[in-house]
Structures are given as structure tokens and as C-alpha cells.
Amino acid sequence: ASCLVSGQKPGAIHVVTHNRVTIVTNPATGEKSYARWGVFPPADVPVRKIVLHLTLGTPDSMKTAHWDYCDNVFARRLGGVSGPSGDYEIARMLTPYGSIFGKGWQFEWTLDVTDFTSILRDSVEIEYRHSGYEPDTVGWALTLDFEVITGPEIVKPLHLVKLWCGNYKYGDPAERIEEKLLPLTFITPEGAGLTRFRILQTGHGMDEPRGCSEFCPRRRELLYDSLLIQQRVLWKDCGANPLYPQGGTWVYDRAGWCPGDLVRPDIIDVPATPGNHTVTVKMEPYTATGNIQAVENICGYLFHT
């Protein structure tokens with residue numbers, strides 16, 4: 001495990017945990033982990049912003065991978081090898097259709113991950129989990145660069161709570177999603193001014209009759225103390241993808257994601273009031289009739305500032 005700290009200047013630190021690491025799938029299990037350590041500023045250094053720069057490129061020693069697989073960036077162990085296991089998903093990447101990319105190709109995506117400032121401190125184990133079933137003769141060159149802008153905090157992080165995180169069956173009459181996504185209760189601390197919900201959600205699978213969850217638009221509602229604070233249709237225009245062209249069917253719209261793009265989280269802010277509160281996520285009712293395989297990959301967090 002290693003960490004490269006480069007490009008330092010007053011106010012900016014680059015914590016590069018993965019530097020052109022060649023990543024391949026494990027066809028036997030469908031996923032493979034690539035964990036490295038990064039040294040972030042200690043807790044007494046004020047941090048104004050953190051931007052994740054994620055780069056995929058053609059590996060030096062093999063051809064580029066072909067398929068659109070769902071990958072995840074996790075903050076695992078916090079504060080060193082003997083620190084607690086956090087297991088926070090801070091970013092989600094869908095790999096491109098890479099069959100047309102030759103030697104020297106690479107592309108960079110960026111994502112604001114400032115919400116996770118409280119855990120991106122000191123030594124942190126950052127894991128990139130690559131999914132898929134391609135042969136290990138094709139892959140990607142992966143770079144993860146956390147650009148940490150030091151300086152006066154815009155807001156002071158007070159509280160971080162993990163909400164729902166997992167793959168939830170959708171449309172399966174034997175396992176209803178509403179029986180899994182149960183309302184959650186939390187306590188807002190004194191002194192908090194803002195309650196923020198940050199939700200990553202993508203749909204996968206291809207059922208009948210609607211092609212859920214990859215190719216079916218469906219409604220999601222978020223309720224705070226039983227009041228509706230967000231309603232949206234989970235769908236994304238893939239023709240607007242900044243990475244174009246790609247091979248394959250990259251241009252087809254999908255359920256909250258596109259091949260070759262970072263998933264943009266939904267961020268919902270409400271004024272904070274001390275005491276007990278509940279949060280509930282509800283999916284549009286749906287029952288599949290055949291080829292039942294749809295899943296909603298949801299990971300939500302609650303922040304108080």
C-alpha cells in the first residue's frame with residue numbers, strides 16, 4: 001500500500017491514493033478490490049473543499065476493458081491500520097464502453113466530496129471496488145486524486161449518519177422493497193443549522209415488462225418527518241455524456257446512470273431543528289411479471305452542519 005502526495009502549494013494538497021493502478025475484474029466472483037492508504041490533513045487543519053479526481057485510462061500492459069460495470073469508491077479504515085472500519089461509499093463510477101480506446105487514452109471525472117471531510121482525516125484506507133466478469137486480460141489504469149483545499153471552513157461538520165446502503169430488489173413480489181426501505185429515526189444535535197441528505201442511487205437488471213431497473217424510469221420520494229421534501233424520476237440522458245463517443249450502447253438513456261460517468265448524488269437540504277426526526281424513502285409501486293432481477297443500488301447519508 002502506498003500514498004503519493006504531490007503538487008502541494010499553499011491552500012491545496014493532492015492526496016493520490018491510486019496512481020495508474022491497473023484494475024481488472026475477477027470473473028469468478030464478479031468483483032475485485034483495490035485498496036490503498038492516503039494521508040489526509042489532521043483534524044486541526046481547516047478544510048474548505050475536497051474534490052475527487054477520478055481518471056480511467058488504457059493500461060500500459062493490456063487492452064482497455066469493454067463493458068459498463070458499476071464500481072465504488074469507499075473510505076474503509078479510518079485513522080490508520082488499527083482504526084475503526086467506516087465502510088463509507090463516497091463515490092460511484094460506471095465504467096465506459098472502452099473497446100474503441102487505444103494506447104494513450106484517458107479521461108478524468110470530478111466530484112465534490114466535501115461532505116465527507118470529517119472522515120477524510122489522517123490515514124484513511126481508500127478502496128476502489130471494480131465489478132464485472134470480463135477476462136483479466138483487459139482492464140483500466142485507475143488514478144484517484146483527492147484535491148484538498150485548506151482554509152476557513154464554509155460550514156462546520158457536526159454529524160454523519162449512514163442511512164440505507166445496499167442492493168434492494170425492485171418489483172419482486174416475494175421481497176417488496178417497501179419492506180426493506182423502512183423509515184429511519186435520527187437525532188439532530190443542538191447547534192446544527194442544516195440537515196443534509198446525500199443519496200446515490202442507480203438501477204440495474206432487465207425484467208419484464210418494463211426493463212427495470214436499468215431501462216425503466218420510476219419515481220422516488222423522500223420524506224422528512226412525513227413531509228415530502230423531494231420527488232424525482234430516476235432517469236438520465238446519456239446522450240449528454242461528456243465522454244463521447246464510446247463503443248456499444250452508451251448513448252441509451254438509463255436509470256440514474258450512464259456508461260462512462262460518475263454518479264451525481266442527490267443532495268437535499270432542510271433547516272435543522274434539535275430533537276428526534278424520521279426520514280423515509282419510497283419507490284414507485286411496481287411488480288415485475290417475468291425475468292425478475294431488478295435491483296436498486298442505494299446508499300444514503302445524513303449530515304448535520
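Quick notes on the rules
- For every chain, the first residue of the written sequence is number 1, and numbering continues from 1 along that sequence.
- Only residues with pLDDT of 70 or above have their local features reported here, since the model is predicted, and side-chain atom pairs are shown and tallied only from 80 upward, although totals for entire chains, interfaces and linings are computed over all residues.
- With hydrogens and water excluded, all non-hydrogen atoms of the structure serve as input to the side-chain values.
- What counts as a helix is a DSSP run of H or I of at least four residues, what counts as a strand is a run of E of at least two, and both are numbered from the N terminus.
- For this text, the term disulfide refers to a pair of cysteine sulfurs within 2.5 Å.
- Relative accessibility thresholds used throughout: buried, under 20% of the residue-type maximum; exposed, over 50%; partly exposed, between the two (1.4 Å probe, protein chains only).
- Between any two strands, pairing holds if DSSP finds at least two bridges.
- Pairs of N or O atoms within 3.5 Å make up the polar contacts considered here, provided that, within protein, one atom can donate a hydrogen while the other can accept it, and that residues adjacent in sequence are counted only when both atoms are side-chain atoms.
- Contacts: residue pairs with any heavy atoms within 4.5 Å of one another.

1. So, unusual backbone geometry
Peptide bonds are trans in most cases, and residues, glycine excluded, mostly fall at negative phi.
Next up, step 1: Cis geometry marks the peptide bond from Cys212 to Ser213; its omega dihedral reads 5°.
Next up, step 2: Relative to the elements of secondary structure, Ser213 occurs in the loop between strand E13 (194-204) and strand E14 (219-224).
Next up, step 3: Residue Pro245 follows Tyr244 across a cis peptide bond; omega there is -10°.
Next up, step 4: Checked against the element boundaries, Pro245 lands in the loop between strand E15 (227-233) and strand E16 (261-262).
Next up, step 5: One non-glycine residue with positive phi stands out, namely Asp87, at about 55°.
Next up, step 6: With respect to the helices and strands, Asp87 occurs in strand E7 (residues 85-94).
Next up, step 7: Unlike most non-glycine residues, Asn291 shows phi in positive territory, near 50°.

2. Some details on the state of the cysteines
Next up, step 1: Per the counting criterion, the structure on display carries three disulfides.
Next up, step 2: What pairs with Cys165 in a disulfide is Cys299, and their sulfur atoms sit 2.0 Å apart. On the S-S bond that ties Cys165 to Cys299, the torsion sits near 65°, and the link is right-handed. With Cys165 in strand E11 (residues 159-169) and Cys299 in strand E19 (residues 295-304), this residue pair connects regions lying 134 residues apart in the sequence.
Next up, step 3: Here Cys165 falls in the partly exposed class, since its relative accessible area comes to 33%.
Next up, step 4: Judged by its relative accessible area of 4%, Cys299 is buried.

3. Brief notes about the sheet that holds strand E9 (residues 123-131)
Next up, step 1: Strand order in the open sheet made by the five strands is E3-E9-E6-E7-E16, with antiparallel pairing throughout. Sheet topology places strand E3 (31-39) and E16 at the edges, where each strand pairs with a single neighbour.

4. Observations concerning the side chain of Thr202
Next up, step 1: As for its placement among the helices and strands, Thr202 is situated in strand E13.
Next up, step 2: Reaching out from Thr202, the side chain makes a polar contact with the side chain of His204 at a distance of 2.8 Å.
Next up, step 3: Every residue in contact with Thr202, bar those within four places of it in the chain, is listed here: Arg92, Arg218, Ala255, Gly256, Trp257, Val263, Val295, Glu296 and Asn297.

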